[in-house]
Amino acid sequence: MKLFNKKAIRFTVATMIATASLSSCTNLDENLYSTLEKDSFYKNKLEVMQAALRPMTHMQAWLAPTGNSGFYYHSELSADQVAWPQKGRHGYDGGDHFRMHYHTWTATENRGKTSWDLMWTGIGYINGAIADIESLDINAIDMTEEERNQVIAQLKVLRAYHYMRAIDLWGNIPISVEVADKPLNPETKPRKEVFEFIKTELEAEVPKLPTLDAKTIGQVNKAAGYAMLSELYLNAQKWAGTPMWDQAIAAADNVIKGTGGGIGGAPKLSADINSIFSNTNSANPESLFQFQFSRKGGFTFDWGGFYMGYDYMKETLDVGYGGWNAFVVIPTAFDAFGAKDLRKKDWFLFGPQYKYGTKNSSVRNRRICETTFSFC
């Protein structure tokens, strides 16, 4: 019988393991389960629409009043209708809200940077989707050239809407229409040049949009496009130096006449001024531009944080949550509403506040009047 040297056996086994390891290390293929690659996506019309609608879900991060670092915060607090005052030891927050109200902001505002980042991320999503969809071989999917052009038009109008909000806040901004533009930090363009870019995009693409109806709720539609054009023309004198009042009227008339479609006919004001804020407002006839919202999908859309007092407001409104005790309405804006104006009656809390369903004004409820609202 031949005996094997134990050291030789150990060396052989170690060599085999090392060789196997080296072989496996050269195979860098991986299965991705948390990321969709372009080559494995865009296989049908549904997936094209999913990519096109991705920027719409992102808009909730910067457009809706769900946080305090987006467009809503900056456009409202820098205007003349609301303020975020300090109430006792609360609300100063490093002076952010004061600087926004008095127009003394600096170049290093954290909230402003967050808003900028979120809005430009949205533009990046749109640029990426446009590039992908334009390069598709639509013969391989259940989509016509006309349908693709319509989706691209929706994306370009949505991008123009982002730019409208951006020049409203910052004036001179870059113009970026491609992913990873060179240079990565492109130079800013004068507001007038950005205005002309937006105008050109909207005037070219809005006619290609689908009309607004029950099937296109949650998409960029022609009625919304005409409304954007009307707003752009309305601001032409400020943003570009040349008034465009007649164009603003014509675009608004296209909305009113139903040229761009509507929910249940031509758009019109609802008989109930509160219905636009209801849980069923997707079917409201005055709604033009919507994006989908569902708490089940993880989205939030809460006004309460800004406009509602702390937990003691639970007694007044008979709800199970409180707010940030943040925004108040500036008295001159409040006084602009007539005494019989239904909006004043239904949209504001002012005067003594009582426990819900009673006329009992406790110390806590009086404090609501004293610290949360401007009108007592």
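Higher on the page you've got the structure.
First, a word on scope: everything that follows refers to the structure included in this document.

## Quick word on the overall build of the protein
Part 1 of the reasoning: Each helix and strand in the protein was counted, giving 15 helices and two strands.
Part 2 of the reasoning: Across the 376 residues that make up the protein, the buried fraction comes to 40%.
Part 3 of the reasoning: Residue pairs in contact within the protein that sit at least 24 positions apart in sequence constitute 61% of those at least 6 positions apart.
Part 4 of the reasoning: Carbon and sulfur atoms provide 55% of the accessible area of the protein, an area that totals close to 22000 Å².

## As for the pattern of salt bridges
Part 1 of the reasoning: Taken as a whole and assessed by the stated rule, the structure comprises 13 salt bridges.
Part 2 of the reasoning: Linking Glu201 and Arg159 is a salt bridge whose minimum nitrogen-to-oxygen distance equals 2.9 Å. Highlighted residues: Glu201 in helix H7 (residues 191–205) and Arg159 in helix H6 (residues 145–170), separated in sequence by 42 residues. With respect to burial, Glu201 and Arg159 carry one shared label: buried.
Part 3 of the reasoning: Across the pair Asp346 and Lys345 runs a salt bridge whose closest N-O atoms are separated by 3.1 Å.
Part 4 of the reasoning: Overall, the relative accessible area of 34% leaves Asp346 in the partly exposed class.

## As for the side chain of Gln154
Part 1 of the reasoning: Inspection of the secondary structure assignment puts Gln154 in helix H6.
Part 2 of the reasoning: By relative accessible area, which is 7% here, Gln154 ends up buried.
Part 3 of the reasoning: Residues in contact with Gln154, not counting those within four places in the same chain, are Met49, Leu209, Pro210, Gln219 and Val220.

Calculation notes
Every chain's residues receive numbers from 1 upward, in the order its sequence appears when written. Where local features are concerned, this predicted model is filtered to residues with pLDDT of at least 70; where side-chain atom pairs are given and counted, the filter is 80 or more; whole-chain, interface and lining totals use all residues. Note: side-chain values were computed over all heavy atoms of the structure, leaving out hydrogens and water. The way it works is that DSSP assigns letters per residue, a run of H or I at least four long becomes a helix, a run of E at least two long becomes a strand, and they are numbered from the N terminus. Each residue is placed in one exposure class: buried if its accessible area under a 1.4 Å probe, protein chains only, is under 20% of its type's maximum, exposed if it is over 50%, and partly exposed if it falls in between. For this analysis, residues touch if any pair of their heavy atoms sits within 4.5 Å. The Shrake-Rupley method, run with a 1.4 Å probe sphere, supplies the accessible areas, and residue values consider only the shown protein chains as cover. Salt bridge, as applied in this entry: a Lys or Arg side-chain nitrogen positioned within 4 Å of an Asp or Glu carboxyl oxygen.

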